[in-house]
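Understanding the architecture of this molecule
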Amino acid sequence: MAPTIARALTIAGSDSGGGAGIQADLKTFQELEVFGMSALTAVTAQNTLGVQGIYELPPQAVAEQIDAVVEDLGVDAAKTGMIANIEIMEVIAEKVKAYAIPNLVVDPVMISKSGHSLLNEDARLALKRYLLPLATVVTPNIPEAEVLTGLQLDSMEARKEAARMIIGMGARSVVIKGGHLPDGEAEDLFYDGQEFSILSSPRFETPHTHGTGCTFSAAIAAHLAKGEAVLSAVRQAKAFITAAIRHPLHLGGGHGPTNHWAHRLQEGKA
Ligand SMILES: Nc1ncnc2c1ncn2[C@@H]1O[C@H](COP(=O)(O)OP(=O)(O)OP(=O)(O)O)[C@@H](O)[C@H]1O
Ligand SMILES: Cc1ncc(CO)c(N)n1
């Protein structure tokens, strides 16, 4: 009998620089031995220095890509990344519901590391209406969680309140990522409506953090595709992204990409 292989779909934008977006997601799926598929929402001309161009795809093109993969290959888990406008967001929500995609990781991407907006103002608000209620887990960084909740997240108590509010918006669980904290450990806060868990790692002083959020959410999707429980998937994704940041590749003149195969290096010996 043929071996069963877990299948994951990324619905996101292309990063020509290979560090974030669809490219980061597919590299992560491959490293975690999950079969990766993609539905592109936009093409960006981008490198470690910035975003030079954004070309949004027609919503119908996004719909057809999702139809094509779900109807033939099957999807055990999906993740969303850059979704530039409301029309594309509506199509994605419709398809996730119609196909009852079993696990959905929503990475509410808003701004690139280089400071460029990747979705318009209306789409930021629409995330709450269309995608959060469908999310198995939503993974905002601190500025994104501030936009979603309207709170200023300068303390753990405030982050816990934001997590409660995000569960109130319909997501089944949330990770508020700590990459943007001013100092201390890189501390992520997980909440599933019942219990809080803090996932901590050392904070590395490095400019090479382009695509950390994409890689992290793709790793969660990969582990969910394999049938793991949400908190276990998030813990393993945290270990994966920590190794990826710990062993930089030193590519490009700006915020370089993380190292997707770093988990294969022995920690501390590379
Ligand atoms: N300097 C760092 N050292 C260690 N871990 C980090 C560092 N920066 C981010 N992380 C971790 O990486 C993961 C992604 O968090 P981050 O807040 O950077 O996401 P993001 O801002 O959405 O990323 P991006 O927009 O570049 O894709 C989290 O688990 C976070 O704790
Ligand atoms: C295409 C794309 N998606 C997401 C991000 C966020 O890092 C990015 N920089 N580019």
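See the structure above.
This write-up is about the structure you can find in this document. Numbers given for residues are sequential positions, taken from 1 along each chain in its written order. Starting at A for chains and at 1 for ligands, labels are handed out in the order in which the entities are written. Given that the model is predicted, a residue must reach a pLDDT of at least 70 before its local features are reported, and side-chain atom pairs must reach 80 or more before they are shown or counted; all residues, however, enter totals for whole chains, interfaces and linings. The basis for the side-chain values is all heavy atoms of the structure; hydrogens and waters are excluded.

1. Here we look at the overall build of the protein chain
Assigned secondary structure in the protein chain consists of eight helices and nine strands. Using C-alpha atoms as the atom set, the radius of gyration is obtained and then compared with a globule rule of 2.2 Å times the number of residues to the power 0.38. The C-alpha radius of gyration of the protein chain comes to 17 Å, within 12% of the 18 Å expected for a compact globule of 270 residues. Seen through its principal axes, the protein chain has C-alpha atoms that stretch 45 × 45 × 40 Å. Only protein chains enter the calculation, and the probe is 1.4 Å; a residue is then buried if its accessible area is under 20% of its type maximum, exposed if over 50%, and partly exposed in between. Out of the 270 residues in the protein chain, the part that is buried amounts to 55%. When the accessible surface of the protein chain is totalled, it reaches about 11600 Å², and 52% of it is carbon and sulfur. Distance between charge centroids for the protein chain: 4 Å, based on 21 positive and 30 negative side chains. To qualify as a helix, a DSSP run of H or I must reach at least 4 residues; to qualify as a strand, a run of E must reach at least 2; elements of each kind are numbered from the N terminus. Each accessible area value is a Shrake-Rupley result obtained with a 1.4 Å probe; residue values ignore everything except the protein chains displayed when judging cover. His is not counted, nor are the chain ends; Lys and Arg add positive charge and Asp and Glu add negative charge. Here the site of a charge means atom NZ of a Lys, CZ of an Arg, CG of an Asp or CD of a Glu.

2. Here's the deal with the site of ligand 2
In this text, near means that some heavy atom of the residue lies within 4 Å of the molecule or strand in question. Taken together, Gly13, Ser14, Ala20, Gly21, Gln46, Met82, Val109, Ser112, Leu118, His210 and Cys214 make up the full set of residues near ligand 2. Contacts to ligand 2 include glutamine 46, whose side-chain N or O atom sits 2.8 Å from a nitrogen atom. Here ligand 2, which alone exposes 280 Å², has 94% of that area covered by the protein. Buried and open spaces are told apart on a 1 Å grid over the protein atoms alone, a cavity being a set of points where a 1.4 Å probe fits but cannot get out and a pocket being an open set with protein on both sides within 12 Å along at least five of seven lines. Residues with an atom within 4 Å of a point are the lining residues. Any molecule with more than half of its atoms within 2 Å of a cavity's or pocket's grid points is counted as sitting in it. Using a 2 Å cut-off from the grid points, one finds that ligand 2 occupies the largest pocket. Grouping the constituent residues of the shell around ligand 2 by class yields five nonpolar, six polar and no charged. Pairs of N or O atoms are called polar contacts if they sit within 3.5 Å, as long as, within protein, a hydrogen donor faces a hydrogen acceptor (for residues adjacent in sequence, only side-chain-to-side-chain pairs). Ten residues, namely Ala, Val, Leu, Ile, Met, Phe, Trp, Tyr, Cys and Pro, are considered nonpolar, four, namely Asp, Glu, Lys and Arg, are considered charged, and the remaining ones, Gly among them, are considered polar.

3. A short note on a nonpolar patch on the surface
Patch membership needs two things, relative accessible area over 30% and no salt bridge, and members are linked within 9 Å if like-charged or within 5 Å if nonpolar (Val, Leu, Ile, Met, Phe, Trp, Tyr). The term salt bridge refers to a pairing of a side-chain nitrogen on Lys or Arg with a carboxyl oxygen on Asp or Glu at a separation within 4 Å. Nonpolar side chains collect at one region of the surface, where Ile5, Phe35 and Leu73 lie side by side and expose about 270 Å² of accessible area between them. Considering the arrangement of structural elements, one finds phenylalanine 35 in strand E2 (residues 35-46).

4. A closer look at the nonpolar core
Put simply, a nonpolar core is a bunch of buried Ala, Val, Leu, Ile, Met, Phe, Trp, Tyr and Cys residues held in one set by side-chain atoms that sit within 4.5 Å of each other. Judged by nonpolar contacts, the single largest core of 47 residues is most densely connected at Met89, Ile92, Leu131 and Ile166. The element best represented in this core is helix H3 (residues 86-98), accounting for six residues. Contact criterion: two residues are considered in contact whenever any of their non-hydrogen atoms come within 4.5 Å of each other. Setting aside residues up to four positions removed in sequence, isoleucine 92 forms contacts with Ile11, Thr41, Val62, Ile66, Thr80, Ile83 and Leu131. Counting 27 residues, the second largest nonpolar core, distinct from the first, contains Leu199, Leu224, Ala233 and Ile245.

5. Describing unusual backbone geometry
Negative phi characterises most residues that are not glycine, and trans characterises most peptide bonds. Its identity as a non-glycine residue notwithstanding, glutamate 33 has a phi of 60°, on the positive side. By the secondary structure assignment, glutamate 33 is in the loop between helix H1 (21-31) and E2. The exposure class of glutamate 33 is exposed, given its relative accessible area of 64%. Of note in this structure, alanine 100 is not a glycine but carries a positive phi near 45°. Along the chain, alanine 100 turns up in the loop between H3 and strand E5 (104-106). Taking the relative accessible area as the measure of exposure, alanine 100 reaches 55% and is therefore exposed.

By themselves, these figures tell us nothing about what the structure is for.
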